[in-house]
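Fold and geometry: a report
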Amino acid sequence: MVITENASDEPLLVAKVPEDWSFLQIGSAGEYKNNAFTIVGRVRLQLRNDYKNFWCAVYSTGKCLWIAESFGSFRVFTTSWQRYKNDATKLRAGKTIHLGGNIAMQGEYVERCENLRFEGEIGPWNLFRPGFFVVQASRDSGETAIFTIYRDTVDILTGERVSSEDLKLTNILEWNEWK
Amino acid sequence: MSGNNYTVTCNHCNTVNTVRGKAMTLAMTCSGCGYYMRLGDWNNAASVFKKKVEPAIPIGAKGRFDGIVYEVMGFVVKRETKYHYSWREYLLFNPYKGYAFLAEYEGNWNFVWPIEENPRTVGNKSDHDLMFEQEHYRIYQKYHAEVQYAVGEFFFDVVDLTETTYNHEYIAPPFFLTVEKSDDSVLWCKGEYCSPKEIAAAFNIPKSKLPAKEGRGYTQPISTSFNSQSLISLTVILFFVAVLAQFYFSFVATEDVVFNEDFDQKALSDQKFLVSHPFDISGSTGNLEFDIYAPLTNDWFYADFSLINEQTGVEYNFSKDVEYYSGVEDGYSWSEGSTHGKALISQIPGGRYHINVYPEFSTTYQTFSIKVTRNVSMLVNFWVTLLLLMAFPIFYLIRRQMIEVKRWSESDYSPYVTE
């Protein structure tokens, strides 16, 4: 598989996404806030003690959203990666992380990304090589954030926790052994 | 899991292991030699456990909880590092719901699943009381643990993660909350007590295959079909009903004196009993109160009484002892007993009656009187009702308290121990 970050960059050769038991697939469809989307690609992060599938979905308007999935837990991000300029040393598990504008979240985990795989078409993505740290934080109200920390650069994606039922997913993989 | 070509070769014995969890599995034991293998490129260190433990529920078994089918992926024996007690955990997996755990200690089971909301702390001791989904949870234990044995597959390095996390458990039976904290992660889970019968039914295995249950589980609920609050509310309502009923019966009680006669030993002559004048009782059935009066001081009177219905010949028998003693001792006056003795007979039909009295007199007093009152208010009924009403709630609350004290006896944070 060949991907490019920028047209001017040398193409990056990456390996196939490993098999897992995610029931989403490229071509799965669903709804988020009454807007239909279709999944067109995936970024799979292999973390030290977890994994995160960032499924890239597009609305009919062409606008992109990310659906992060891990062990049946879903988060939807409609924003793009932003640079995080607050104190990065506060990005710790169990600590309060301030996002500005009186929004504070609880750090849930810090995991090193050991592997990164891509498939299909993906929207704007910030990091293409493993070795960065991923921090997940949430509020009880359901707002959530994913941070990536690579050297001195911290990026943030903000969104909300949802259930798979909320997304009204169709064309998903049917694992009949669990029925 | 079918259709799986995901394999890993053991570095120790070269056995090719099928990885059921595919890329999700980050650690597993070799099916050939039992070595614990970390599957990440970043850490492939292997280790071996000293002692093998057979899981009660086999790896690969499927069980249904709340309609969701989970597969047993891994089994681990953990030991608490301070008090050295051990328990067993089963890692369960469902691709649509993620992972969950079954924890077993002394035959008591809990089903445990991750939660994404952070429980809210309450009270002064910030980490001792939590509120979650309208339930109040109290801290039960804080501990470090280590893995003694593992078999199967894990979605995380269960050995390292167990040894690097500090755990807090909070209970609100049948539920509990647990948080595993390390520098890198905070994982909240909620658990619920499951009976061995439910576990056996979930996996369709005989209950006899499961470890024998010893004692009451620390999250095991007190099995009743009601809660304490509803029992107390019901008791209060019934108490007021009983009070109202007593007021009603006191109000309708006519308390008619139907007979009053004095008796003297002289009337006995050579007879063994005295016969009263006949008297009439009107109306249908009702009670009769007999007031036996003997003008005694430091003496006694005893008699057997027979109330006889002159129309039917039916007898109602009772006996009464009247004693009264008094005096002055060391400057203090005292008394004991009474010159009156009362007896109550219920459900006496109307009709003409007389009373036969078989008295036993002392040497000093030879007279007594009988007064019979119809339809008296019976306070004893009220007290008996109240006693019966209170018996079950009191029994229940005492039993509940004893169970709670026992439940917390193994905790370092028992609310029943004052420092």
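Since this is a predicted model, take the numbers as computed values, not measurements.

Focus on the interface of chain A and chain B
Counting residues at the interface gives 37 residues for chain A, matched by 36 residues for chain B. For the chain A face of the interface with chain B, the top three residues by lost area are Trp 21, Phe 71 and Trp 178 of chain A, together amounting to 28%. Counting every contact that joins chain A to chain B gives four salt bridges. A salt bridge links Glu 116 of chain B to Arg 75 of chain A, with the nearest nitrogen and oxygen atoms 2.9 Å apart. The tally of links from chain A across to chain B stands at 14 residue pairs in polar contact (both at pLDDT 80 or more). At the level of secondary structure, the elements contributing two or more residues to the side of chain A that touches chain B comprise β4 (35–47), β7 (73–77) and β10 (103–120) of chain A. At seven residues, the largest contribution of residues to the side of chain A that touches chain B is made by β10 of chain A. Grouping the amino acids of the side of chain A that touches chain B by side-chain chemistry returns 13 nonpolar, nine polar and 15 charged.

What about the packing of aromatic side chains?
Overall, the coordinates contain 50 aromatic pairs over all chains when judged by the stated rule. Following the ring pairs from residue to residue traces out a cluster consisting of Trp 21, Tyr 51, Phe 71, Trp 175 and Trp 178 of chain A together with Phe 93, Tyr 99, Phe 101, Phe 155 and Phe 156 of chain B. The ring of Phe 175 of chain B is capped by Lys 190 of chain B, whose NZ or CZ atom sits 4.4 Å from the centre of that ring.

What to know about the confidence of the model for chain B
Predicted confidence across chain B gives a mean pLDDT of 91, with 97% of residues reaching 70 or more. Scored as a whole, the predicted complex attains pTM 0.79, and scored at its interfaces, ipTM 0.92.

A word on unusual backbone geometry
Here the residue pair Pro 173 of chain B and Pro 174 of chain B is connected by a cis peptide bond, since its omega of 10° sits within 30 degrees of zero. With respect to the secondary-structure elements, Pro 174 of chain B resides in the loop between β15 (166–172) and β16 (175–181). Positive phi, close to 45°, is recorded for Phe 71 of chain A, a residue that is not glycine. Note that Phe 71 of chain A resides in the loop between β6 (64–70) and β7. The backbone phi angle of Asn 171 of chain A is positive, close to 55°, even though this residue is not glycine. Along the chain, the position of Asn 171 of chain A falls in the segment after β13 (153–162). Look at Asn 171 of chain A and you get partly exposed, because its relative accessible area is 45%.

Some points on a nonpolar patch on the surface
Residue and element names in this part refer to chain B. There is a patch of nonpolar side chains on the surface, built from Ile 232, Val 236, Phe 240 and Leu 397 and spanning about 340 Å² of accessible area. Here the nonpolar patch takes three residues from helix α3 (residues 228–252), the largest share from any one element. Here Val 236 lies in helix α3. Since its relative accessible area comes to 41%, Val 236 is described here as partly exposed.

Regarding helix α4 (residues 379–408) of chain B
All names here are of chain B. The first and last C-alpha atoms of α4 sit 43 Å apart over 30 residues, in line with the 44 Å expected at 1.5 Å per residue. At Ala 391, α4 is bent by approximately 30°, the largest bend along its length, and proline Pro 393 sits one to four residues beyond. Buried within α4 we find Phe 382, Leu 386, Leu 389, Pro 393, Tyr 396, Ile 403, Glu 404, Arg 407 and Trp 408. Its buried side turned inward, α4 meets β13 (135–143), β15 and α3.

Digging into the sheet that holds strand β18 (residues 256–264) of chain B
Residue and element names in this part refer to chain B. In space, the four strands of this open sheet follow the order β18-β27-β21-β25, with antiparallel pairing throughout. Of all strands in the sheet, those with a lone pairing partner are β18 and β25 (340–348), marking the two edges. Taken over all neighbouring pairs, the strand axes of this sheet differ in orientation by 15° on average, direction set aside. Sheet topology note: the strand β21 (residues 286–293)/β25 ladder contains seven bridges and is antiparallel. Within the sheet, the bridge partner assigned to Asp 291 lies in β25 and is Lys 342.

Section: the packing of α3 of chain B against α4 of chain B
Helix-helix packing is described using two parameters, namely the angle between the two axes and the distance between the axes. All names here are of chain B. For the pair α3 and α4, the least separation of the axes is 10 Å and the interaxial angle reads 175°. By the criterion of interaxial angle, the relationship of α3 to α4 is roughly antiparallel. In contact with Ser 228, Leu 231, Thr 235, Leu 238, Phe 239, Ala 242, Val 243 and Gln 246 of α3, α4 contributes Leu 379, Phe 382, Thr 385, Leu 386, Leu 389, Met 390, Phe 392, Pro 393, Tyr 396 and Arg 400. For the contact of α3 with α4, the residue count by class is 13 nonpolar, four polar and one charged.

What about the pairing of β6 of chain A?
Residues and elements named next belong to chain A. Of all seven residues making up β6, six are buried, and the element is well covered by its neighbours. Where strand β5 (residues 51–59) lies against β6, six bridges are found, and the strand directions are antiparallel. Residue pairing across strands places Val 58 opposite Cys 64, the latter belonging to β6. Linkage of β5 to β6, two consecutive antiparallel strands, is achieved through a turn of four residues, within which Gly 62 is found at a positive phi near 95°.

Some words on the state of the cysteines
Here the structure, examined in full by the defined rule, presents zero disulfides over all chains. Left unpaired, Cys 64 of chain A is separated from the closest cysteine sulfur, that of Cys 56 of chain A, by 3.5 Å. Between Cys 194 of chain B, a cysteine without a disulfide, and Cys 189 of chain B, which holds the nearest cysteine sulfur, the sulfur-to-sulfur distance is 14 Å.

Observations regarding the environment of Asn 260 of chain B
Residues and elements named next belong to chain B. Here Asn 260 is to be found in strand β18. Sequence spacing of Asn 260 and Thr 373 is 113 residues, and the spatial spacing of their C-alpha atoms is 8.9 Å. Ignoring sequence-local partners within four residues, the contact set of Asn 260 consists of Ile 370 and Lys 371.

Let's talk about the side chain of Ser 369 of chain B
With respect to the helices and strands, Ser 369 of chain B occurs in strand β27 (residues 367–374). Those residues in contact with Ser 369 of chain B that lie beyond four places of it in its chain are Glu 261, Asp 262, Phe 263, Asp 291, Ile 292 and Tyr 293 of chain B.

Observations concerning α3 of chain B
Residue and element names in this part refer to chain B. With 25 residues, α3 extends 36 Å between its outermost C-alpha atoms, agreeing within 8% with the 36 Å of an ideal straight helix rising 1.5 Å per residue. All of the buried residues in α3 are Ser 228, Leu 231, Thr 235, Ala 242, Val 243 and Gln 246. Summarising the contacts, the buried residues of α3 are in contact with α4.

Cut-offs used in this document
- Residues numbered from 1 in each chain as written.
- Chains lettered and ligands numbered in written order.
- Predicted model: local features only at pLDDT ≥ 70, side-chain atom pairs only at ≥ 80, totals over all residues.
- Heavy atoms only, no water.
- Contact = heavy atoms within 4.5 Å.
- Buried area = accessible area lost by both parts, 1.4 Å probe.
- Salt bridge = Lys/Arg side-chain N within 4 Å of Asp/Glu carboxyl O.
- Polar contact = N/O pair within 3.5 Å; in protein donor to acceptor, adjacent residues only side chain to side chain.
- Helix = DSSP H or I, 4+ residues; strand = E, 2+ residues; numbered from the N terminus.
- Nonpolar A, V, L, I, M, F, W, Y, C, P; charged D, E, K, R; others polar.
- Phe/Tyr/Trp six-rings, centres within 6.5 Å; stacked < 30°, edge-to-face > 60°.
- Lys NZ or Arg CZ within 6 Å of the ring centre and 35° of its normal.
- pLDDT = per-residue confidence, 0-100.
- Buried < 20%, exposed > 50% of the residue type's maximum accessible area, 1.4 Å probe, protein only.
- Patch = residues over 30% accessible without salt bridge, like charges linked within 9 Å, V, L, I, M, F, W, Y side chains within 5 Å.
- Areas by Shrake-Rupley, 256 points an atom, 1.4 Å probe, with all protein chains shown as cover.
- Expected span 1.5 Å × (residues − 1).
- Bend = angle between axes of the 7 residues up to and from the residue.
- Pairing = 2+ DSSP bridges.
- Axes fitted to C-alpha atoms, helices over the stretch in contact; angles between N-to-C directions.
- Parallel < 35°, antiparallel > 145°, perpendicular 65-115°, else oblique.
- Disulfide = S-S within 2.5 Å.

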